[in-house]
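The primary structure of each chain is shown beneath.
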Number of protein chains: 2
Amino acid sequence: MTLQTIADRLGVSRATVSYAFSRPDQLSDGLRRRILEVADELGYAGPNPTARSLRLGRAGALGLIFTETLAYAFADPYAIGFFQGLATAAEDAGVGLLILPHGARRRETVKDAVVDAFCVMSLPDGHPTLTEVFARRLPVVVVDEPYVPGHPFLGIDEPAAGAAAARHVIELGHRRLGVAMVGLNYDGHTGWADQARQEGSAFEAMRRRRSGYQQACEQAGIDWPGVPFYELARNSREAGHRAGRALLEREPRPTAILTNTDVLALGVLDAAAELGLRVPADLSVVGFSDSAAEKAGLTTIRQASQEVGEEAGRLLLLGDAAKPERLVFPHELIIRSSTAPPPS
Amino acid sequence: MTLQTIADRLGVSRATVSYAFSRPDQLSDGLRRRILEVADELGYAGPNPTARSLRLGRAGALGLIFTETLAYAFADPYAIGFFQGLATAAEDAGVGLLILPHGARRRETVKDAVVDAFCVMSLPDGHPTLTEVFARRLPVVVVDEPYVPGHPFLGIDEPAAGAAAARHVIELGHRRLGVAMVGLNYDGHTGWADQARQEGSAFEAMRRRRSGYQQACEQAGIDWPGVPFYELARNSREAGHRAGRALLEREPRPTAILTNTDVLALGVLDAAAELGLRVPADLSVVGFSDSAAEKAGLTTIRQASQEVGEEAGRLLLLGDAAKPERLVFPHELIIRSSTAPPPS
DNA sequence: GACTCCTCCTTAATCAATTAAGACCTTAAT
DNA sequence: ATTAAGGTCTTAATTGATTAAGGAGGAGTC
C-alpha cells in the first residue's frame, strides 16, 4: 500500500497523491478530497516515514547513548534530570528521542540508528561505542565524559567541584576525611581503592572530581594517601550504606565523608544512624549533584542536570552550525544540615 | 558520500560495495579489503541506515508514547519501572526505543516516527494520539489504559486491585475511609471530587480502580457517597500531603486513607506526621504499585511494572504473529506497617 | 487575435541502499 | 575435449516517497 496504489486507483500520478498529503496548495480542493477519501477507504497509513526520511535527508530523532544498561541509568536521579532536559528540547523541536542500548552483544544499533545526531553520556575513555558514534559522522555532543577534543562537550568543572566539596569540610575544621565513590571502574569492584585504582579510572569526570578532592586535601596539608577511599560498583543507597560502614568502622574514625552522588550520601547517613552517630555533630557528609539531597538536608554540590540536557538537545538540533567546543556549566556548593565543624 | 562513490572510485558496481559491507561471502577477500580501505580513506560512514530501513522494511525501533510530557512521566517510579522493562526487551532484541513527545503542538511525530511498532501507555479515552497510532497500521500494545477491543492490552485487574486495597482496611475494622487519587482528569483540578467527576474520568484504569474501592465499600455496607474523595492533578509527595491535610482535617476524621500511588501515600504520611497522628495506630494508609513503598513501610498493592514492560516489548517484537488480546497481570496486596485496626 | 498569467497536474530525477538472477571466467571431473 | 560446478562480480528491479521543471488549458488584458 503506497502512494502509487492510490494514484493508480484514481488514475492520477503518484506526485499528485503526494501533494495531496504534504502540499495542499498544489492541488484543487476537489481532487485532494477525493484522494484523501480513497486513501482512507483503502486503509492507507499515510506516506511512509522511512521513505520520507530518506528523501528529505532527516530522521526526526536524536540518538541518546547512556552508560551501562538503561535499567541502571534510570535508577540515578541525576541521569533522569538530564534525560528530562533532553526530552524537553526534543519535544520543543518535535523530534523523537531514540534510546540506544549498547551492550556488548549488539554492536549494530549505533550503525543502524535512524537519527540526525547523537548525544553521548558518561562513557569510559576509549569505549568502542564512541568510535562507532563518530564513524557515523553526525553531530555529536558528549556530556560529562569523555572529553574528546574537537567535539562539543558539556559538563561542569569537575576538579573545581570536587575541590569545593573537600574544601568546605576542611574549612569547617575537619582533618580526618573519608571518601566513597561510585563509577570509577567497571570491573564490579567494591571495596578499598588504592592510589593506582583511583588514578587509573577510565571515567574521566569521576577521575577529575577525585583529583579535586586530592588537590584540596594537599593544599590543606592533609596526607591524601592516608585518606580512606572506598569504591562502589553501583550507585544505590545500599552501596552507600556499605561504604559508610566500612569507613566509619576504621580507627581513627573519619569525621567527614565525601561522596560522589547524593544517593551514596543517603546510604552513608543510614550507616551513621545505625552506628549511633549524629549528623552533623559527630559526622559531616557531603553529597554530589543535588539530585536527591534536599529532603535529607544534605550538603551537596549542585549541578544543573536538566539545563545540561536542554542545552545538549539545543546544540544537536542546531544541525551543522558551529558549536562551542566546551560548555562548562556552573556548580554550586549547597550547604544544608549534614555538615558542621568536627566534634572537639 | 554513498556506496556509489566508493564503487566509482574502484571501478566496481555498487552492488559489490554493498556486499563488502553486508555479505562478505559474496566477495573475494582481496577486493573486499580494498573496498573497506577506500571507504575508510574517503570517510564513508557505512551504509545509510534510513536507506537500509526502507529497503529492508524494518525500522529497528519501538515507539513509546507516554501520558503527558516526559518530564512528568519520569517523576513516577511506576512509569520508570515499566520503562526499564521495555528497555530491557528492546536491548535484548537489539532495537532502539523511540520516545515520542505528543504535546498539543506537534501532531506529526506519530505520523513521522520511524518505528516497527508502538507501545502506548496511559492515554485518556479517545485521545487523538491513539487514533494516529492506529492509523499507522503497525503492531500496537496498550498498557494500563485505554483498553481498545481488538488490540493487545496489558494491565492488571483494576477493579479487583482497588477492591483488595479497600477490603484490607475494611477487614481490619475501618469504617471511616478517605480516598486520594491522581490522574482521574486532566483539567488540572485539585480538590474534592463528587460522584460525577469520579465516574466521568477519562482514564479508564483509574476509573476502574476507583470502582473497586466503591464496590468493596458497598459490599461492607459503607455509604460510598459519604466517603470523602480528594482529587489531585499531579502525582507528587506534595500533592499527597495536600490531600492528606484536607482529608484528615474533616470531622469525623477518616481512620484509613486509600491512595492511588505510593508517592501520594508518602505525602499522606507527611500530613499525618504533621498533625501528630501515629501511623498505623491512629491512621492507616494504603499506597499503590509498590514502586516507592518499601522504605516507608507502606502497605500497598504490588503490580509488576518491569515485567509488564518486558512483556510489552516481547509482544511488539513478535511482529505480526498472533497476540493475546488481553494480558492481565497479577497484583498482590503487600501488608507492611502502615495499616492496622482503627483506634478503638 | 495574440499575449501573458494562473491553476492544476504530470514527468522524471533523486534519496541510498539490497538482492535475485545472470554473465563471465576458472577449475575439476569425465 | 566437453561439460559441470564454483567463485566472483554485474545488471537491474525494488523499497516509497519528494519536488523542480514543464505542459495543457482556461481566463484576463490590450
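Each chain carries its own residue numbering, running from 1 in the written order of its sequence. By the order in which they are written, chains take letters starting at A while ligands take numbers starting at 1. Local features are withheld for residues below a pLDDT of 70 in this predicted model, meaning they are given only at 70 or higher, and side-chain atom pairs are given and counted only at 80 or more; totals for whole chains, interfaces and linings count all residues.

Enquirer: Got a minute to help me understand the overall build of chain A in this structure?
Expert: A helix here means a DSSP run of H or I that spans at least four residues, while a strand means a run of E at least two residues long, and both kinds are numbered starting from the N terminus. For chain A, the count of helices and strands is 14 helices and 13 strands. If one aligns the C-alpha atoms of chain A with their principal axes, the spans along those axes are about 90 × 35 × 35 Å. In chain A, which comprises 344 residues, the proportion classed as buried is 49%. In chain A, the share of contacts with a sequence separation of at least 24, taken over all contacts with a separation of at least 6, comes to 72%. With C-beta atoms placed from the backbone, a residue is labelled by how many other C-beta atoms lie within 10 Å of its own: buried for 20 or more, exposed for 12 or fewer, partly exposed between the two. Contact definition: two residues whose C-beta atoms, as placed from backbone geometry, lie within 7 Å.

Enquirer: Hey, could you run me through the protein's contact with DNA strand C in this one?
Expert: Should the C-beta atom of a residue, placed from the backbone, lie within 6 Å of a molecule or strand, that residue is near it. Neighbouring residues of DNA strand C: 26 residues in total, closest Thr16(A), Thr2(B), Ala15(B), Ser18(B) and Asn48(B). Of all elements in the fold, only α2 (14–22) and α4 (49–56) of chain A together with α2 (14–22) and α4 (49–56) of chain B reach the threshold of two or more residues within the surface near DNA strand C. For the surface near DNA strand C, the element with the most residues is α2(B), which contributes 6 residues. Here the nonpolar group is Ala, Val, Leu, Ile, Met, Phe, Trp, Tyr, Cys and Pro; Asp, Glu, Lys and Arg are the charged ones; every other residue, Gly included, is treated as polar. Among the residues forming the surface near DNA strand C, the class breakdown is 13 nonpolar, 8 polar and 5 charged.

Enquirer: How should I be thinking about the packing of α4(A) against α4(B) in this particular structure?
Expert: Axis angle and axis distance: for two packed helices, these are the angle between their axes and the distance between the axes, and together they describe the pair. As a packed pair, α4(A) and α4(B) sit with axes 9 Å apart at the nearest point and diverge in direction by 145°. For the element pair α4(A) and α4(B), the recorded crossing hand is left-handed. Where α4(A) approaches α4(B), its residues Thr50(A), Ala51(A), Ser53(A) and Leu54(A) are matched on the opposing element by Thr50(B), Ala51(B), Ser53(B) and Leu54(B). Per-class residue counts for the contact of α4(A) with α4(B) are 4 nonpolar, 4 polar and no charged. Under this scheme, a helix contributes an axis fitted over its contacting stretch, all axes are lines through C-alpha atoms, and angles between N-to-C directions fall in the 0 to 180 degree range. The handedness criterion is simple: a crossing whose near helix is rotated anticlockwise from the far helix by less than a right angle is left-handed, and one whose near helix is rotated clockwise is right-handed.

Enquirer: Explain the protein's contact with DNA strand D here, please?
Expert: Looking at DNA strand D, there are 26 residues lining it, with Thr2(A), Ala15(A), Ser18(A), Asn48(A) and Thr16(B) nearest. At the level of elements, α2 and α4 of chain A together with α2 and α4 of chain B are the ones that each hand at least two residues to the surface near DNA strand D. Considering every element that reaches the surface near DNA strand D, the biggest residue donor is α2(A), with 6 residues. A breakdown of the residues in the surface near DNA strand D according to their chemical character gives 13 nonpolar, 8 polar and 5 charged.

Enquirer: How should I be thinking about the relation of the copies chain A and chain B in this particular structure?
Expert: Here two copies of a chain appear, and what relates them is a rotation about an axis with a shift along it. Least-squares superposition aligns the copies on the C-alpha atoms of those residues with pLDDT at or above 70 in both. For the pair chain A and chain B, the relating rotation is 180°, the translation along its axis is 0.0 Å, and the fit reaches an RMSD of 0.1 Å. In short, the pair behaves as if placed about a two-fold rotation axis. Rotation axis and chain A: the residue whose C-alpha lies nearest the axis is Leu98(A), separated from it by 2.1 Å. In this assembly the copies share their binding face: 100% of the residues contributing to the interface of chain A also contribute to that of chain B.

Enquirer: Looking at this structure, how should I read the interface of chain A and chain B?
Expert: Bring the parts together and some accessible area is lost; that lost area is often taken as the interface size. The interface is formed by 41 residues belonging to chain A together with 41 residues belonging to chain B. Those elements that provide at least two residues to the side of chain A that touches chain B are α4, α5 (70–73), α6 (77–93), β2 (96–100) and α7 (108–112) of chain A. It is α6(A) that provides the largest number of residues to the side of chain A that touches chain B, a total of 7 residues.

Enquirer: What exactly am I supposed to notice about the sheet that holds strand β5 (residues 153–156) of chain A here?
Expert: Two pairing modes exist for strands in a sheet, parallel and antiparallel, and in both the strands are linked by backbone hydrogen bonds. Think of it this way: DSSP has to see at least two bridges between two strands before they count as a pair. Spatial ordering of the open sheet is given by β12(A)-β5(A)-β4(A)-β3(A)-β1(A)-β2(A)-β2(B)-β1(B)-β3(B)-β4(B)-β5(B)-β12(B), a layout of 12 strands whose pairing is mixed. Two strands close off the open sheet at either side, each with one partner strand: β12 (326–329) of chain A together with β12 (326–329) of chain B. Averaged over all adjacent pairs, the angle separating strand axes in this sheet is 20°, with direction ignored. As paired strands, β2(A) and strand β2 (residues 96–100) of chain B are joined by 3 bridges and run antiparallel to one another. Note that in β2(B) the partner of Ile99(A) across the bridge is Leu97(B). Packing of helix α8 (residues 128–135) of chain B onto the sheet brings it into contact with β1 (61–65), β3 (117–121) and β4 (140–143) of chain B, and relative to β3(B) it is tilted by some 160°.

Enquirer: Help me understand the environment of His241(A) in this model?
Expert: Residues and elements named next belong to chain A. Relative to the elements of secondary structure, histidine 241 occurs in helix α12 (residues 237–248). In this structure histidine 241 comes out as buried when scored by C-beta crowding, with 20 C-beta atoms within 10 Å. Non-local contacts of histidine 241, meaning those with residues more than four positions away in its chain, are made with Gly267, Asp270 and Ala271.

Enquirer: Help me understand the sheet that holds strand β8 (residues 229–232) of chain B, please; the structure alone is not making it clear to me.
Expert: Residues and elements named next belong to chain B. An order of β7-β8-β6-β9-β10 is seen for the 5 strands of this open sheet, with the pairing classed as mixed. Looking at which strands have only one partner, the edges of the open sheet turn out to be β7 (191–192) and β10 (284–286). Bridge count for β7 against β8 is 2 bridges, and the pairing is antiparallel. For tryptophan 192, the partnering residue across the bridge sits in β8 and is tyrosine 230.

Structural measurements only, silent on function.
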